[in-house]
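The chain contents come next:
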Amino acid sequence: QELALKSLGNEGLFLFSSLDTNKDLYLSPEEFKPIAEKLTGVAADSEPEEEEAPDPDGETLSIVAKFQPLVMETMTKSKDGFLGISHVALSGLRNWTAPAAPMSVLLARQFKAFLPPKNDLDLGDPWWIIPSELNIFTGYLSNNRFYPPPPKGKEVIIHKLLSMFHPRPFVKTRFAPQGAVACIQASSSFYYTIAFRIHAEFQLNEPPNFPFWFSPGQFTGYIVLSKDSSHVRDFRLFVPNNRSLNVDMEWLYGASESSNMEVDIGYLPQMELESTGPSIPTVIHDENGNVLDSREPSGEPIQFVFEDITWQQEIPWQEAAHRLEVAMYPFKKISYLPFTEAFERAQAEKKLVHSILLWGALDDQPPVPLPVAGSGRTLRETVLESSPILALLNESFISTWALVKELEELQSNRENELYSKLAELHLEKYNFPVEMIICLPNGTVVHHINANYFLDITSMKPEDVESSIFSFSSNFEDPSTATYLQFLKEGLHRAKPYLQ
């Protein structure tokens, strides 16, 4: 790592690491492919994965879809009655009131895609079901699309599942982090519980209307299946609804990439798939191999009895979910606590609070819609992931991030004056779209900087930056890392008198 840093410098190593997906410090032809495609303009034909012929006698799994549409009143644009927004633009959203397929029957073997790539993985070790194809070279995928590309390989089952909600799911999002990641949560002699996290989105409009993108924060869930994938005991996939906003929406007003775009965020109460029970055989044989009727003489379906699973190894759901989150978002290597909990921890550990206040979420995809310079996205993909920043935050700060909407609700709740005051002190310093704040455990803000200003000054030449507060350190070639380090250190310096 040190040799690579010396050879490539900070920015060069960042680019190299974005391609080096297995982190072995060597680029395989597969890892180099994005650069080759970018430079040549020609996409290589990937080898199609051979799909097994479905076993007609295999087990089937019944899955039901539960869906409650987006609460329109939670959209920012609803405050002025969607003034100036054409009814046609929102037609796909307004008309989506029920799942496309309330129930579906799938072959158990199709869930083989969720199995780990090898048997010697430890619990919690993440792997990619659908690897991300986006990195610093490839940029973002086009907004101006209506129909998903045909799914391949392991994308097929995820596409089938998401199609139960809406007919046009894109299993790869336009922005990083895209793809699907999984880890083993529990293991027995014959079964796994696999936890997974999927970043996918939907296109709600069709021509002649312009595109409308609907991007839930994430899909997460678990599957309990046999190690040979012949039997699925349990399956659940859902969009978490524990935050006040969990969906990003972006829609175009033209047919090109440069067309004007509107953005908003909102709350989706329920988007969930659940198995109705374990998978069951389609054909039943007796001990002599004869096919039996699947119904009793009375006409009632045969009842199956399933053995209990004794788990030999297990980790808590929260730990598995956190491992998947860190795989998607390396900046989460340090904990970002809930807002009020961060101040309690800071008080106990006598540390400062490093807080990020946003209009849209920092960790759920996408974080801040495009027209606001992608500030949250830029932060988390650059400075918040860098080793020096992670080290300083871990050593001297308790970190948190919060939505403006959540703090406004906290401020107006007079039942807890302390929490209300903490929220008020934060909101006083907030400027759209993202504000980075350093404060004392009592909420007093000692330093803050707006993300757009931060991005502006880090794109300038060092000699053009007047303020000594944001002067560049010669130790780091990356101006963003150097400037954010300086911001954190200045906060520590200003807080010294209070912490002694």
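Analysis parameters
Residues numbered from 1 in each chain as written. Predicted model: local features only at pLDDT ≥ 70, side-chain atom pairs only at ≥ 80, totals over all residues. Heavy atoms only, no water. Axes fitted to C-alpha atoms, helices over the stretch in contact; angles between N-to-C directions. Helix = DSSP H or I, 4+ residues; strand = E, 2+ residues; numbered from the N terminus. Parallel < 35°, antiparallel > 145°, perpendicular 65-115°, else oblique. Left-handed = near helix turned anticlockwise from the far one by under 90°. Contact = heavy atoms within 4.5 Å. Buried < 20%, exposed > 50% of the residue type's maximum accessible area, 1.4 Å probe, protein only. Arc of directions from axis to C-beta. Polar contact = N/O pair within 3.5 Å; in protein donor to acceptor, adjacent residues only side chain to side chain. Core = buried A, V, L, I, M, F, W, Y, C linked by side-chain atoms within 4.5 Å. Domains from an automatic or database assignment. Pairing = 2+ DSSP bridges. Salt bridge = Lys/Arg side-chain N within 4 Å of Asp/Glu carboxyl O. Phe/Tyr/Trp six-rings, centres within 6.5 Å; stacked < 30°, edge-to-face > 60°. Lys NZ or Arg CZ within 6 Å of the ring centre and 35° of its normal. pLDDT = per-residue confidence, 0-100.

1. Some words on the packing of helix 11 (residues 451-458) against helix 12 (residues 479-499)
Inference 1: Viewed as axis vectors pointing N to C, helix 11 and helix 12 meet at an angle of 130 degrees, and their least axial separation amounts to 9 Å. Our classification of the angle between helix 11 and helix 12 gives oblique. In terms of crossing hand, the pair formed by helix 11 and helix 12 is right-handed. Contacts between helix 11 and helix 12 involve Phe454, Ile457 and Thr458 from the former and Pro479, Ser480, Thr483 and Tyr484 from the latter.

2. Describing helix 11
Inference 1: For helix 11, the full list of buried residues reads Ala451, Phe454, Leu455, Ile457 and Thr458. An end-on view of helix 11 places all buried positions within 165 degrees of arc, on one side of the element.
Inference 2: At the N-terminal boundary of helix 11, the capping side chain belongs to Asn450, with an oxygen 2.9 Å from the backbone nitrogen of Asn452.

3. Examining the nonpolar core
Inference 1: Core analysis: the biggest nonpolar cluster contains 120 residues, and Phe111, Phe235 and Tyr484 have the highest contact counts within it.
Inference 2: Summarising the domain contributions, this core has at least three residues from each of domain 2 (59-285 + 308-322) and domain 3 (330-498).
Inference 3: Excluding residues that lie within four positions of it along the chain, Phe235 makes contacts with Leu61, Ile63, Phe111, Phe114, Leu161, Phe196, Tyr222, Ile223, Leu273, Glu274 and Ser275.

4. A few points about the sheet that holds strand 12 (residues 261-266)
Through backbone hydrogen bonds, the strands of a sheet pair up, either in parallel or in antiparallel fashion.
Inference 1: Read from one edge to the other, the open sheet built from five strands follows the order 4-7-8-11-12, with strand pairing classed as antiparallel. Sheet topology places strand 4 (169-170) and strand 12 at the edges, where each strand pairs with a single neighbour.
Inference 2: Where strand 4 lies against strand 7 (residues 201-203), two bridges are found, and the strand directions are antiparallel. Bridged to Phe170 within strand 7 is Glu201.

5. Some words on the pattern of salt bridges
Inference 1: In the structure shown here, the tally under the stated rule is 19 salt bridges.
Inference 2: Linking Arg323 and Asp125 is a salt bridge whose minimum nitrogen-to-oxygen distance equals 3.9 Å. Here Arg323 is found in helix 5 (residues 317-328), whereas its partner Asp125 is found in the loop between strand 2 (103-107) and strand 3 (127-130), with 198 residues between them in sequence.
Inference 3: On the accessibility criterion, Arg323 (30% relative accessible area) is partly exposed.

6. Re the sheet that holds strand 22 (residues 445-450)
Inference 1: Taken in spatial order, the five strands line up as 18-20-19-21-22 in an open sheet, and their pairing is mixed. Unpaired on one side and paired on the other, strand 18 (336-337) and strand 22 mark the two borders of the sheet.
Inference 2: Relative to strand 20 (residues 397-403), strand 18 is paired through two bridges, and the arrangement is parallel. Bridging from a neighbouring strand, Leu337 pairs with Thr400 of strand 20.

7. Examining the pairing of strand 6 (residues 191-199)
Inference 1: Burial analysis of strand 6 places nine of its nine residues in the buried class, which makes it a mostly covered element.
Inference 2: Side chains Tyr191, Thr193, Ala195, Arg197 and His199 of strand 6 all project onto a buried face; the interleaved residues Tyr192, Ile194, Phe196 and Ile198 project onto the opposite face, where all are buried too.
Inference 3: Relative to strand 6, strand 5 (residues 179-187) runs antiparallel, the two sharing eight bridges. Paired with Ser187 across the two strands is Tyr192, which belongs to strand 6.
Inference 4: In terms of strand pairing, strand 6 meets strand 9 (residues 219-226) through eight bridges, oriented antiparallel. When the bridges of strand 9 are listed, Thr193 appears paired with Val224.

8. Re the packing of aromatic side chains
Inference 1: Under the counting rule described, the total for this entry stands at 19 aromatic pairs.
Inference 2: One aromatic cluster in this structure is built from Phe67, Trp96, Phe165, Phe202, Phe214 and Phe219.
Inference 3: Above the plane of the ring of Phe82 lies Arg94, whose end atom (NZ or CZ) is 5.2 Å from the centre.
Inference 4: Directly above the ring of Phe238 sits Arg236, whose terminal nitrogen or CZ lies 4.1 Å from the centroid.

9. Things to note about the confidence of the model for the protein
When pLDDT drops low, the exact placement of atoms in the prediction is not to be read closely.
Inference 1: On average, residues of the protein score 84 in pLDDT, and 82% of them are at 70 or above.
Inference 2: Strand 13 (residues 270-275) holds the highest mean pLDDT among the elements of the protein, 98, whereas helix 7 (residues 375-381) holds the lowest, 66.

10. As for helix 4 (residues 155-162)
Inference 1: The element helix 4 is largely enclosed, with a buried count of seven among its eight residues.
Inference 2: All buried positions along helix 4 are accounted for by Glu155, Val156, Ile157, Ile158, His159, Leu161 and Leu162.

11. Remarks on unusual backbone geometry
Inference 1: Going from Ala176 to Pro177, the amide bond is cis rather than trans, its omega being -5 degrees.
Inference 2: Within the secondary structure layout, Pro177 lies in the loop between strand 4 and strand 5.
Inference 3: Backbone torsion omega between Pro207 and Pro208 reads 10 degrees, so that peptide bond is classified as cis.
Inference 4: Position of Pro208 among the secondary structure elements: in the loop between strand 7 and strand 8 (212-216).
Inference 5: Of note, the phi angle at Phe82 is positive, near 55 degrees, even though the residue is not glycine.
Inference 6: Mapped onto the elements of the fold, Phe82 is located in the loop between strand 1 (59-68) and helix 3 (91-94).
Inference 7: Phi at Lys350 is positive, roughly 55 degrees, even though this residue is not glycine.
Inference 8: Topologically, Lys350 is positioned in the loop between helix 6 (339-349) and strand 19 (352-358).

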